[in-house]
Amino acid sequence: MAIAAVLLATGCDSITQPAQDKAVTGGPHRLTVAYTHQPQSTLIHVAVAKRYFTEVGLDAQLMQHTHGRAALQSVLDGKADVATVAETPVMFSILKGDRIFILANIESSTLNNAIVANMDAGIRTAEDLKGKRIGYTAGSTSEFFLDAILTSKGLVKADIQPVALNPDEMLQAMTARQVDAVSTWNYPLTQIKHRLGKAGVIFYDRQIYTETFNIAAKQDFINAHPETARRFLRALLKAEAFVARHPDEAQAIVSAAAGVDRALVQEVWDAFNYKVVLDQTLLLTLEDETRWAMRNKLVEKVDMPDYVTYVYLDGLMAVKPEAVLIRR
C-alpha cells in the first residue's frame, strides 16, 4: 500500500502547481507522512489530492498503512515523521516511555467502532458473546471497545475466546467461520456486515466510547521542526474546509486513494466528524484507556501520565487558536 500511495503522489506531478500559501516563506520542508487507507485519514487523502501540502511549502513523502498502530510504529522506527493514529496506540506508546506529541485530532466518531457478529453462531444480543470466539486487534481501539462492551454487559475477557487479528484478516476469518464475531472499525466493519447478509448483526454503543484519530510524532522531531508542524496543520485545515464544502468530491478522492468502492465510502461517511481540533475529549479518553490498561495489567506503568504534556498545543495555536480547547 505504501507503493500505491507514493505512485498516487508522484502521479500528480503533471498537474499545474497551485499558488503557494501566503504564510509560506523559504523552500519546501520535507516531511514523511505515515497514514492509513481508513476513512479516518480522509483529511490526509484530500490534502494529497488537492496538493495542499505543496501549497503550504511541504515536500510530503507518503506511506500508507492498513491501520494507525502500524503507522505510528513507522514513526517510532524512524521511517516516518508523523502518523495518523487513534488514541489507543498512542496511549500504549506513552506508557512504554515513548516521547510522543499529539499535534491535533483530525476525526472523531461514536459510530465507527463496533462488534459485528454472525447470528448463525447463536449471537443475537451482546450478552450472547459469552463463550464465543471474538477477533480483535491488540493494542488498538478494537481491543478497548471490545472490553468496554463486555464490561457494559457484565462480562470480562475471560468469558470469551479472544482471537488476535489484524484488521485486514478479519473478513476472511469471519467468512471461514474461524471466529464468531470481531471488534473492529470501518471499512472492515461494514464489509463484514455486507458479507454476512441477513446473518450479520452489529453492536454499537455511542455512550461508552468516542474515537479520536490524531496526528502523532516524536517530540524531538516537532521540537526541532516547529515550522514544518505548522505547515502540516495548515494543509489539514485546508482539507477540512474542502471536505465541509465538497463532500461528494471528497468521497470520490477517498475512494480512489484507498481503492475502496465509492458506495462503501458514502455508506460510512456520516459516522465521521472531520475537524482539526485539540479538545478535552482526547484527554478524557486517554485517561479512561489508561485506567483500563492498568486494571487489565496490559502495561507495567502504574502512574497516570500528565497527558497535557504529550499534546503539542503551540502548532495549532499558531494557525487556528480557536481550535485549541485544551489549556496547559
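You'll find the structure just up there.
This structure is a prediction, so every number in the text was calculated from the model and none was measured. (Residues numbered from 1 in each chain as written. Predicted model: local features only at pLDDT ≥ 70, side-chain atom pairs only at ≥ 80, totals over all residues. Heavy atoms only, no water.)

**Some words on the sheet that holds strand E7 (residues 161–164)**
Part 1 of the reasoning: Pairing is mixed in the open sheet, where 5 strands are placed in the order E7-E6-E8-E5-E9. In the strand order of this sheet, the two ends are held by E7 and strand E9 (200–203), each with one partner. Neighbour to neighbour, the strand axes of the sheet diverge by 25° on average, direction disregarded.
Part 2 of the reasoning: Looking at chain direction, strand E5 (residues 114–118) and strand E8 (residues 181–184) are connected through 4 bridges and run antiparallel. Of the residues in E8, the one forming a bridge with alanine 114 is threonine 184.
Part 3 of the reasoning: This element, helix H8 (residues 188–196), spans E5, E8 and E9 of the sheet and lies at about 20° to E5. (Pairing = 2+ DSSP bridges. Helix = DSSP H or I, 4+ residues; strand = E, 2+ residues; numbered from the N terminus. Axes fitted to C-alpha atoms, helices over the stretch in contact; angles between N-to-C directions. Contact = heavy atoms within 4.5 Å.)

**So, the sheet that holds strand E3 (residues 82–86)**
Part 1 of the reasoning: Read from one edge of the open sheet, 5 strands run E2-E1-E3-E10-E4, paired in mixed fashion. Each edge of the sheet is formed by a strand with only one pairing partner; in this case those strands are strand E2 (58–65) and strand E4 (100–109). Neighbour to neighbour, the strand axes of the sheet diverge by 25° on average, direction disregarded.
Part 2 of the reasoning: Against the sheet, helix H10 (residues 226–245) makes contact with strand E1 (29–36), E2, E3, E4 and strand E10 (211–218), and its axis sits at roughly 50° relative to E1, the strand it touches most.

**Some words on the packing of aromatic side chains**
Part 1 of the reasoning: On inspection of all chains with the given rule, the structure shows 8 aromatic pairs.
Part 2 of the reasoning: Look at phenylalanine 92 and tryptophan 292: their rings are 6.0 Å apart centre to centre, the planes differ by 70°, and that puts the pair in the edge-to-face class. In this pair, phenylalanine 92 sits in helix H5 (residues 87–95) while tryptophan 292 sits in helix H13 (residues 280–295), placing the two residues 200 residues apart along the sequence.
Part 3 of the reasoning: With a relative accessible area of 14%, phenylalanine 92 lands in the buried category.
Part 4 of the reasoning: Taken together, the ring pairs in this structure connect Phe92, Phe144, Tyr209 and Trp292 into an aromatic cluster.
Part 5 of the reasoning: We note lysine 157 situated over the ring of tyrosine 136; from NZ or CZ to the ring centre the distance is 4.6 Å. (Phe/Tyr/Trp six-rings, centres within 6.5 Å; stacked < 30°, edge-to-face > 60°. Buried < 20%, exposed > 50% of the residue type's maximum accessible area, 1.4 Å probe, protein only. Lys NZ or Arg CZ within 6 Å of the ring centre and 35° of its normal.)

**Focus: the pattern of salt bridges**
Part 1 of the reasoning: Counting across every chain of the model gives 11 salt bridges.
Part 2 of the reasoning: The salt bridge involving glutamate 227 is made with arginine 231; its shortest N-O contact spans 3.0 Å. Within this pair, glutamate 227 and its partner arginine 231 are both found in helix H10, separated by 4 residues, close to a single helical turn.
Part 3 of the reasoning: Taking the relative accessible area as the measure of exposure, arginine 231 reaches 1% and is therefore buried. (Salt bridge = Lys/Arg side-chain N within 4 Å of Asp/Glu carboxyl O.)

**As for the packing of helix H2 (residues 42–49) against helix H11 (residues 247–258)**
Part 1 of the reasoning: The interhelical angle for the contact between H2 and H11, taken along N-to-C directions, is 90°, at an axis separation of 9 Å. For the element pair H2 / H11, the angle class is roughly perpendicular. Between H2, through Thr42, His45, Val46 and Ala49, and H11, the contact on the second element is made entirely by Ala250, Ile253, Val254 and Ala257.
Part 2 of the reasoning: Of the residues in the contact of H2 with H11, the class split is 6 nonpolar, 2 polar and no charged. (Parallel < 35°, antiparallel > 145°, perpendicular 65-115°, else oblique. Nonpolar A, V, L, I, M, F, W, Y, C, P; charged D, E, K, R; others polar.)

**Remarks on the pairing of E7**
Part 1 of the reasoning: Examined bridge by bridge, strand E6 (residues 133–136) and E7 share 4 bridges and lie parallel to one another. Across the sheet, the residue bridging to isoleucine 134 is proline 162, located in E7.
Part 2 of the reasoning: Between the parallel pair E6 and E7, the chain is carried across by helix H6 (residues 141–152), and the sense of this crossover is right-handed. (Right-handed = clockwise from strand over helix to strand, strands pointing away.)

**Quick look at helix H4 (residues 68–76)**
Part 1 of the reasoning: When we look at burial in H4, the residues that qualify are Gly68, Ala71, Leu72, Ser74 and Val75. Around the axis of H4, the buried residues are gathered within 150° of arc, so they sit on the same side.
Part 2 of the reasoning: In the core, the buried residues of H4 are packed alongside E1, E2, E3, H5, E4 and E10. (Arc of directions from axis to C-beta.)

**With respect to the side chain of threonine 190**
Part 1 of the reasoning: With respect to the helices, strands and loops of the structure, threonine 190 is situated in helix H8.
Part 2 of the reasoning: In this structure threonine 190 touches Leu264, Glu267 and Val268, once residues within four positions along its chain are discounted.

**Comments concerning H2**
Part 1 of the reasoning: Among the 8 residues of H2, 7 are classified as buried, and the element is accordingly described as predominantly covered.
Part 2 of the reasoning: Turning to H2, its buried residues number three or more, namely Thr42, Leu43, Ile44, His45, Val46, Ala47 and Val48.
Part 3 of the reasoning: Two residues or fewer past H2, arginine 51 is found with a positive phi of approximately 60°.

Just geometry here; none of it tells us what the structure is for.
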